[in-house]
Amino acid sequence: MKATQHPTTGVQVTPADLLRMAALYLRRHGWHQGTYYNNLFPADFLTPPACAAGAIGIASAGHRVEHFSQLDPDTLADYLAAMATFVDYLDNFAPVFHIDEDGYLLDEHTSPYSWNDDPARTAEQVITALNAAADEWDRLHTQEGGNR
């Protein structure tokens, strides 16, 4: 069963669930910068260290995915929703500001790829941000009493 398939309980897997699965994946298998997965591991290695986007891809598909374009339409929708949730969190809580040559602040989304690949970034910061983005999604989308 893929991570995003609906089990017999009928419970919907949310972007928050996928972000938490991605954080757990990074904690268990390691974090990486520069590419989705650490290229020191062969392509058939099932659980290589991953960047944030690679871990979200694995959480969505249930297996290693080299690029999101390889995902089937349902899994792609779940992946994109989780990535959008992560970007929203980064925009609001870890923004990267760009100033143009005239000194004006450019209104841009924080790229999860460049944020992950920042040389000053740590694995713990990425794991914490994934979990915090999941918590923020739950806060915004959960009805009173914890029901979805």
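Residues numbered from 1 in each chain as written. Predicted model: local features only at pLDDT ≥ 70, side-chain atom pairs only at ≥ 80, totals over all residues. Heavy atoms only, no water.

> Quick rundown of the packing of helix 1 (residues 15-29) against helix 5 (residues 123-141)? Include the residues and the values.
At a minimum axis separation of 8 Å, helix 1 and helix 5 run at an interaxial angle of 165°. Compared by their axis directions, helix 1 and helix 5 come out roughly antiparallel. Between helix 1 and helix 5 the crossing geometry is left-handed. Contacts between helix 1 and helix 5 pair Pro15, Ala16, Leu19, Arg20, Ala22, Ala23, Leu26 and Arg27 from the former with Glu124, Val126, Ile127, Leu130, Asn131, Ala133, Ala134, Asp135, Trp137 and Asp138 from the latter. A per-class count over the contact of helix 1 with helix 5 returns 12 nonpolar, 1 polar and 5 charged. (Axes fitted to C-alpha atoms, helices over the stretch in contact; angles between N-to-C directions. Helix = DSSP H or I, 4+ residues; strand = E, 2+ residues; numbered from the N terminus. Parallel < 35°, antiparallel > 145°, perpendicular 65-115°, else oblique. Left-handed = near helix turned anticlockwise from the far one by under 90°. Contact = heavy atoms within 4.5 Å. Nonpolar A, V, L, I, M, F, W, Y, C, P; charged D, E, K, R; others polar.)

> A description of the packing of helix 3 (residues 73-93) against helix 5 should follow, citing residues and the corresponding values.
Viewed as axis vectors pointing N to C, helix 3 and helix 5 meet at an angle of 100°, and their least axial separation amounts to 9 Å. Judged by the angle between their axes, helix 3 and helix 5 are roughly perpendicular. Facing Thr85, Phe86, Tyr89 and Phe93 of helix 3, the residues of helix 5 in contact are Ala129, Leu130, Ala132, Ala133, Glu136 and Trp137. Class assignment of the residues belonging to the contact of helix 3 with helix 5 gives a composition of 8 nonpolar, 1 polar and 1 charged.

> Any details on the nonpolar core? Residues and values, ideally.
By size, the foremost hydrophobic cluster in this structure holds 35 residues, and its most contacted members are Leu19, Leu26, Ile56, Tyr79, Phe86 and Leu130. Going through the elements one at a time, helix 1, helix 2 (52-61), helix 3 and helix 5 are the ones with two or more residues in this core. Setting aside residues no more than four positions away along its own chain, Phe86 makes contact with Leu19, Ala52, Ile56, Pro112, Trp115, Ala129, Leu130 and Ala133. (Core = buried A, V, L, I, M, F, W, Y, C linked by side-chain atoms within 4.5 Å. Buried < 20%, exposed > 50% of the residue type's maximum accessible area, 1.4 Å probe, protein only.)

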